[in-house]
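# Understanding the architecture of this molecule
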Amino acid sequence: MASPFSGVLQLTDLDDFIGPSQDCIKPMKVDKRSGSGVAKIHIEDDGSYFQVTQDGGTRKLEKAKISLDDCLACSGCVTSAETVLITQQSHEELRKVIDANKTAAPGQQKLVVVSVSPQSRASLAAQFGLNPTDTARKLTAFFKKIGVHYVFDTSFSRNFSLLESQREFVQRFRGQAGSQQALPVLASACPGWICYAEKTHGSFLIPYLSTVRSPQQVMGSLVKDFFAQQQHLTPDSIYHVTVMPCYDKKLEASRPDFFSQDYQTRDVDCVVTTGEVFKLLEEEGISLSELEPAPLDSLCSSVSAQEPSSHRGGGSGGYLEHVFQHAARELFGIHVDEITYRPLRNKDFQEVTLEKEGQIVLHFAAAYGFRNIQNLVQKLKRGRCPYHYVEVMACPAGCLNGGGQLKAPNTPGKELLQRVETLYSMVRTEAPEDAPGIQELYRCWLQGEGSERAGRLLHTSYHAVEKASSSLGIRW
Ligand code: SF4
């Protein structure tokens, strides 16, 4: 099979090679001679890399072996089918578990649960020309048809991620006098960014990172802890799959922090991308649009979900918006209805301020894409970061543009992204504190807000990773 990267790339700057949805930055060593400004890389169909030399010849480039420890989560390598290294996390694995269930003795079967992200749903809706509610119902029908038992929506777990982020910010803002590293709080829902932070500036950046689990990992806690108890099952008898817009989520699910030693199981056993769900549909010979819709499942028996719900604040989860509005109210008694973003260097670096009596009292930013992340980190290192909170996302344009989302060969990327954004924003939004079932779960499952249990199941920690010596000339 031809590599999707076959052809010649022209790199005017190594930075052009950094970022999700682009080629992996690891496999090659590029000689960038001073003054030339351009390195030509030729990629053969078998995936070999050659540098085109100045005399027109070619030189085979060293190909690095990539393990999860090396990966910088740029989403490059794993977009190539030949180089998928995370074999435990693929749609084939989901199929294996479903097939094994068919022949397993009673009591030996796994309960298969799939949690779908709203970004993946929007991408599939665009692909099949459906609205988001029909997409959610038809996806539920599809998964149940192939042997999945329950299908949930990670917008539900995002309620907890948002509420915990609000609480954490207010606490750290109030405690800023006691710690130089209390602020800015850097959002941590994007594993691409976390991977970069831990591997390149570990001990410096970690104290600033929000400890709140991402919606995927809160869903992991909900399914393997709360839902397992409801079903009278142990966590290891549930096979939990998430459908996500990027490959980086596979790395996140594989973190040791989300593995139960007691039950030898992960909170999320397998992550499949939107593109892999599309492959599954193709392999089954099913078109989503032709399926009869099925009712949506709900994690709380007391809540019946008629249609999917979402949150305000954009396709990456709305962290900035929710934390900003909550902090304005809680810390300054100001009710903010609409957020006004001010673009800085580019549309992926924007800021929001709250003024009181002519003074800026809250200064937030959204920094998307590795160029803007590098910029942010430089500001922090120089002690010139004016922000109290930053929503950091590795993908330019955020999660709706993740490397695992569907591409449409005949539609320009920008147009497709706009369509996906429109579909995403069509879903009814609700404030996380008002979402049905949330307060009940805080009470019954977590033993109250701010409890030790809530800390353990809704938060996590980070670890600086020693830089491996590399001759690859990567400039971060
Ligand atoms: Fe994944 Fe979103 Fe981060 Fe992109 S921005 S790597 S889609 S979590």
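Residues numbered from 1 in each chain as written. Predicted model: local features only at pLDDT ≥ 70, side-chain atom pairs only at ≥ 80, totals over all residues. Heavy atoms only, no water.

### What to know about the overall build of the protein
Counted only if it meets this: Think of it this way: any DSSP run of H or I at least four residues long counts as a helix, any run of E at least two long counts as a strand, and we number them from the N terminus. Buried means the residue's accessible area, taken with a 1.4 Å probe over protein chains only, is under 20% of the maximum for its type, while exposed means over 50%, and partly exposed covers the values in between. For accessible areas, the Shrake-Rupley method is used with a probe of radius 1.4 Å. Any residue's cover is judged against the shown protein chains and nothing else.
What the protein contains, in helices and strands, is 14 helices and 15 strands. The burial tally for the protein puts 56% of its 476 residues in the buried class. For the protein, the accessible surface area stands at approximately 21,200 Å², while carbon and sulfur atoms represent 48% of it.

### So, the site of the ligand
Note the following rule: Summary of the distance rule: residues count as near a molecule or strand when at least one heavy atom falls within 4 Å of that molecule or strand. Amino acids are sorted into nonpolar (Ala, Val, Leu, Ile, Met, Phe, Trp, Tyr, Cys and Pro), charged (Asp, Glu, Lys and Arg) and polar (every other residue, Gly among them).
What surrounds the ligand is the set C190, P191, P245, C246, D248, K249, M393, A394, C395, C399 and G402. Looking at the shell around the ligand, its residues break down into eight nonpolar, one polar and two charged.

### Considering the environment of R419
The cut-off we apply is this: Residue contacts are counted whenever heavy atoms from the two residues lie within 4.5 Å of one another.
Relative to the helices and strands, R419 resides in helix 12 (residues 413–425). With residues near it in sequence (within four places) discarded, R419 still touches A126 and T411.

### A closer look at the pairing of strand 14 (residues 359–368)
Inclusion rule: Strands qualify as paired when DSSP identifies two bridges or more between them.
Counting buried positions along strand 14 yields eight of ten residues, so the element is predominantly enclosed. Pairing geometry for strand 13 (residues 349–356) and strand 14, over eight bridges, is antiparallel. In the strand pairing of strand 14, Q350 is matched with A366. Alignment of strand 14 against strand 15 (residues 389–393), held across five bridges, turns out to be parallel. Note that in strand 15 the partner of A367 across the bridge is V392.

### Quick word on empty space enclosed by the protein
Condition: Cavity: a set of points on a 1 Å grid over the protein atoms alone where a 1.4 Å probe fits but cannot get out. Pocket: an open set with protein on both sides within 12 Å along at least five of seven lines, its lining residues, like those of a cavity, having an atom within 4 Å of a point. Grid points are joined across faces, edges and corners, and a volume is the space filled by probe spheres set on the points.
Applying the stated criterion across every chain yields a total of four cavities of 30 Å³ or more. Taken together, 26 residues line the largest cavity, and the ones lying closest to its centre are Q119, A189, P245, K249 and C399. Looking at the lining of the largest cavity, the elements that each hand over two or more residues are helix 2 (118–128), helix 4 (154–174), helix 5 (191–200), helix 7 (215–230) and helix 8 (248–253). Counted by class, the lining of the largest cavity contains 14 nonpolar, nine polar and three charged residues.

### Examining the packing of helix 4 against helix 10 (residues 319–332)
Filter applied, for reference: Angles run from 0 to 180 degrees between N-to-C directions of axes, and those axes are lines fitted to C-alpha atoms, restricted for helices to the stretch in contact. To sort the angles, those under 35 degrees are grouped as roughly parallel, those over 145 as roughly antiparallel, those from 65 to 115 as roughly perpendicular, and the leftovers as oblique. Crossing handedness follows the turn of the near helix against the far one: under a right angle anticlockwise gives a left-handed crossing, and clockwise gives a right-handed one.
Packing of helix 4 against helix 10 leaves a shortest axis separation of 9 Å and a crossing angle of 45°. With respect to their mutual orientation, helix 4 and helix 10 come out oblique. Every pair of crossing elements has a handedness; the one defined by helix 4 and helix 10 is right-handed. Mapping the contact onto sequence places R158, S161, L162, S165, Q166, F169, V170, F173 and R174 in helix 4 and Y319, H322, V323, H326, A327, E330, L331 and F332 in helix 10. In terms of residue class, the contact of helix 4 with helix 10 is made up of nine nonpolar, five polar and three charged.

### Focus on the sheet that holds strand 15
Taken together, the five strands give an open sheet; going across it, the order is 7-15-14-13-12, and neighbouring strands pair in mixed fashion. The open sheet has two edge strands, strand 7 (185–186) and strand 12 (342–343), and neither has a second partner. The strands touched by helix 11 (residues 370–381) are strand 7, strand 13, strand 14 and strand 15; relative to strand 15, the strand with the most contacts, the crossing angle is about 145°.

### Structural notes on the packing of aromatic side chains
The condition that has to hold: Only Phe, Tyr and Trp rings take part, Trp by its six-membered ring, and two of them pair if their centres are within 6.5 Å. Stacked means planes under 30 degrees apart, edge-to-face means over 60, and tilted covers everything else. A ring is scored as having a charge over it whenever the NZ atom of a lysine or the CZ atom of an arginine sits within 6 Å of its centre and within 35 degrees of its normal.
Following the criterion strictly, the structure yields 19 aromatic pairs and no others. Summarising the aromatic geometry, the rings of F349 and Y387 are spaced 6.3 Å apart at their centres and angled 50° between planes, so their arrangement reads as tilted. Taken together, the residues F349 in strand 13 and Y387 in the loop between helix 11 and strand 15 connect sequence positions 38 residues apart. A residue is classified by how much of its surface remains accessible, and F349, at 1% relative accessible area, is buried. Through a chain of ring-to-ring contacts, three or more aromatic side chains come together here, namely F169, F173, F324, F332, F364 and Y389. Directly above the ring of F204 sits K381, whose terminal nitrogen or CZ lies 5.4 Å from the centroid.

### Remarks on the nonpolar core
Soluble, globular proteins show a tendency: their nonpolar side chains are buried together. Worth spelling out the cut-off: Residue types Ala, Val, Leu, Ile, Met, Phe, Trp, Tyr and Cys, when buried and joined through side-chain atoms within 4.5 Å, form a set referred to as a nonpolar core.
Counting residues in each nonpolar core, the largest one holds 50 residues, and the members touching the most others are F169, L186, W193, L362 and F364. Only helix 4, strand 7, helix 5, helix 10, strand 13, strand 14, helix 11 and strand 15 provide two or more residues apiece to this core. Leaving out residues up to four positions away in the same chain, L186 has contacts with W193, L205, Y208, L209, S210, L376, L380, V390 and V392. Core analysis: the second largest hydrophobic core is formed by 28 residues, L94, L124, I146 and L406 among them.

### So, the confidence of the model for the protein
The cut-off we apply is this: For every residue, the predictor states its confidence as a pLDDT score lying anywhere from 0 to 100.
Per-residue pLDDT for the protein has a mean of 85; in total, 80% of the residues score no lower than 70. This model gives residues 75–85 a pLDDT under 50, and the stretch forms 27 contacts once residues within four places in sequence are excluded. Taken as a whole, residues 469–476 scores under 50 in pLDDT and shows 22 contacts with residues more than four places along the chain or in a different chain.

### Focus: the layout of surface pockets
Of the volumes computed, that of the largest pocket is approximately 960 Å³. Around the largest pocket, the lining is made up of 41 residues, and of these A397, L400, N401, L417 and E421 lie nearest the centre. Looking at the lining of the largest pocket, the elements with two or more residues in it are strand 13, strand 14 and helix 12. Its residues assigned to classes, the lining of the largest pocket comprises 16 nonpolar, 18 polar and seven charged.

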